[in-house]
Amino acid sequence: MSSAGGLALALHRRRWIAALLAVALAVVAVVAAINLTRTGAENPPVTAQDLPLPVTESPTATADVGPSPAVPLPEPIPDLPAAAMNVLVIGSDSRASAREAAAFTAATGESIDHRADTIMVAHIPADRRSLSLVSINRDLWVEIPDYGGAKINAALEVGGIDLTARTVESLLGISIAHTVMLDFHGFRGLTDGLGGIDVPVALPFQSTHDTGHVFTPGINHLDGQAALEFARERYAFVDGDFQRVRNQQVLVRAILARLTAGGALNDVTAVRSLVEFAGCCLTVDKGFDPLQVAVLAYSLRNLDVNAIGTMTLPTAGDGFVAGQSVLFPDYGGVAAVGAALRDGRIAELTAP
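These numbers were taken from a predicted model, which means no experiment stands behind them. (Residues numbered from 1 in each chain as written. Predicted model: local features only at pLDDT ≥ 70, side-chain atom pairs only at ≥ 80, totals over all residues. Heavy atoms only, no water.)

Draft legend 1. Region of the structure containing the overall build of the protein chain. In terms of regular secondary structure, the protein chain is built from 11 helices and 14 strands. Looking at the protein chain as a whole, 52% of its 352 residues qualify as buried. For the protein chain, the accessible surface area stands at approximately 15400 Å², while carbon and sulfur atoms represent 55% of it. (Helix = DSSP H or I, 4+ residues; strand = E, 2+ residues; numbered from the N terminus. Buried < 20%, exposed > 50% of the residue type's maximum accessible area, 1.4 Å probe, protein only. Areas by Shrake-Rupley, 256 points an atom, 1.4 Å probe, with all protein chains shown as cover.)

Now the structure itself:
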């Protein structure tokens, strides 16, 4: 655990960071696996004392250093206005740094080789007690604004997180308040930083990626590498990407359960520390500053994990366009989901 100096640093540093929500939701795009020694029984819920904080060097000792300065009390975190909001969560398939790729695209307007491995709209209602996740298959054929027809995951490559958000807004007819993105490396690191997660596996399988991890029926305690393989797998399933999306939704619940069970989100220090910890790995839109991130995280302190609803945007079958295997949108179903998001009725479609 960090020293008092490390805690003070965690509370006062101000840099571009990522949303705590994304720590919980960006479960798809996550340095080699770390072998954790804790089992599920030895892995209690996260508390304020458990949260990883930046480590600072100890000051040089002197003969008479005098009394240590007191660690400042954390500033209170205000509540968000009582209004619903949509947050877009992107998992980049970049093996390098998705943040650097996004910065390059934003600065130059040139595309770079990384696509959205997962796209989710997280609808957060005004009371912040529940959550609805709408997953969008990455192979869905859509109209990307100012670009043309393509798989929706290509929007990240050609226009970064901003164009991806515009594409989702256009597809569903909704407004995206904020966008967060995580890559493979970040997902592994953040999951390991939480001490791993307990994931219920309904459909056992062996991963076709990296370590070939075997997922057995029942609760599996996963470190970052195993969680990444769980989130990425599609070739082991008859329905491919559809089961992968369902597994990603299961991961969302598992990570949120890990975060909320110990009451960490009720602790101002814990919230600020978690946000600081996540800052290394996530990319956010320009309007998402550190204060807003902390406010959003704190607003989820009363979230009921059992009230998290999930669904996948309806599709109308698969086919080929320009030699690419794609999924076609069910435009009637897409319109219904968009209307439910706008009207605050999405929980009716995503009920657990």
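Draft legend 2. Spatial organisation of the nonpolar core. In terms of nonpolar packing, the biggest core is built from 32 residues, with Val168, Leu172 and Leu313 touching the most fellow members. The residues touching Leu172, leaving out its near neighbours within four places in the chain, are Val121, Leu313, Val334, Val337, Gly338, Leu341 and Arg342. (Core = buried A, V, L, I, M, F, W, Y, C linked by side-chain atoms within 4.5 Å. Contact = heavy atoms within 4.5 Å.)

Draft legend 3. Summary view of the pairing of strand β7 (residues 197-201). Only one face of β7 is covered, namely the face carrying Ile197, Val199 and Val201; the face carrying Asp198 and Pro200 is uncovered. Direction of pairing for β7 relative to strand β10 (residues 218-222): antiparallel, over a ladder of 5 bridges. Looking at the pairing, Pro200 lines up with Ile219 of β10. (Pairing = 2+ DSSP bridges.)

Draft legend 4. Seen up close, the sheet that holds strand β1 (residues 85-92). The 6 strands lie next to each other as β11-β6-β1-β2-β3-β12, forming an open sheet whose pairing is mixed. This sheet does not close on itself; its edge strands, each paired only once, are β11 (282-284) and β12 (308-312). When strand polarity is set aside, the average angle formed by the axes of neighbouring strands in this sheet is 20°. Note that β1 and strand β2 (residues 116-124) share 8 bridges and pair antiparallel. Directly across from Asn86, in β2, lies its bridge partner His123. Sheet strands touched by helix α4 (residues 154-172): β1, β2, β3 (131-136), β6 (178-182) and β11. Its angle to β1, the strand with the most contacts, is close to 140°. (Axes fitted to C-alpha atoms, helices over the stretch in contact; angles between N-to-C directions.)

Draft legend 5. Quick look at the environment of Thr191. For Thr191, the location among the structural elements is in helix α5 (residues 184-193). Judged by relative accessible area, which is 3%, Thr191 ranks as buried. Along the backbone, Thr191 and Gln225 are 34 residues apart, and their C-alpha atoms lie at a distance of 8.5 Å.

Draft legend 6. Seen up close, the packing of α5 against helix α6 (residues 224-232). Interaxial distance between α5 and α6 falls to 8 Å at its minimum, and their mutual angle equals 130°. It follows that α5 is oblique to α6 by the angle criterion. For α5 against α6, the interelement crossing comes out right-handed. Note on element contacts: α6 touches α5 through Gly224, Gln225, Ala227, Leu228 and Arg232, opposite Phe184, Phe187, Arg188, Thr191 and Asp192. Grouping the constituent residues of the contact of α5 with α6 by class yields 4 nonpolar, 3 polar and 3 charged. (Parallel < 35°, antiparallel > 145°, perpendicular 65-115°, else oblique. Left-handed = near helix turned anticlockwise from the far one by under 90°. Nonpolar A, V, L, I, M, F, W, Y, C, P; charged D, E, K, R; others polar.)

Draft legend 7. Local environment of the side chain of Lys151. The residue Lys151 is located in strand β5 (residues 148-151) in this model. If near-sequence neighbours (up to four positions away) are discounted, Lys151 is found in contact with Arg138, Asp139, Leu140, Trp141, Ile144, Gln324, Ser325 and Val326.

Draft legend 8. Up close: the side chain of Asn137. In this structure, Asn137 sits in the loop between β3 and β4 (141-144). A relative accessible area of 1% means that Asn137 is categorised as buried. Dropping the residues within four chain positions of it, Asn137 is found in contact with Ile152, Asp241, Phe242, Val245, Thr312, Leu313, Thr315 and Leu327.

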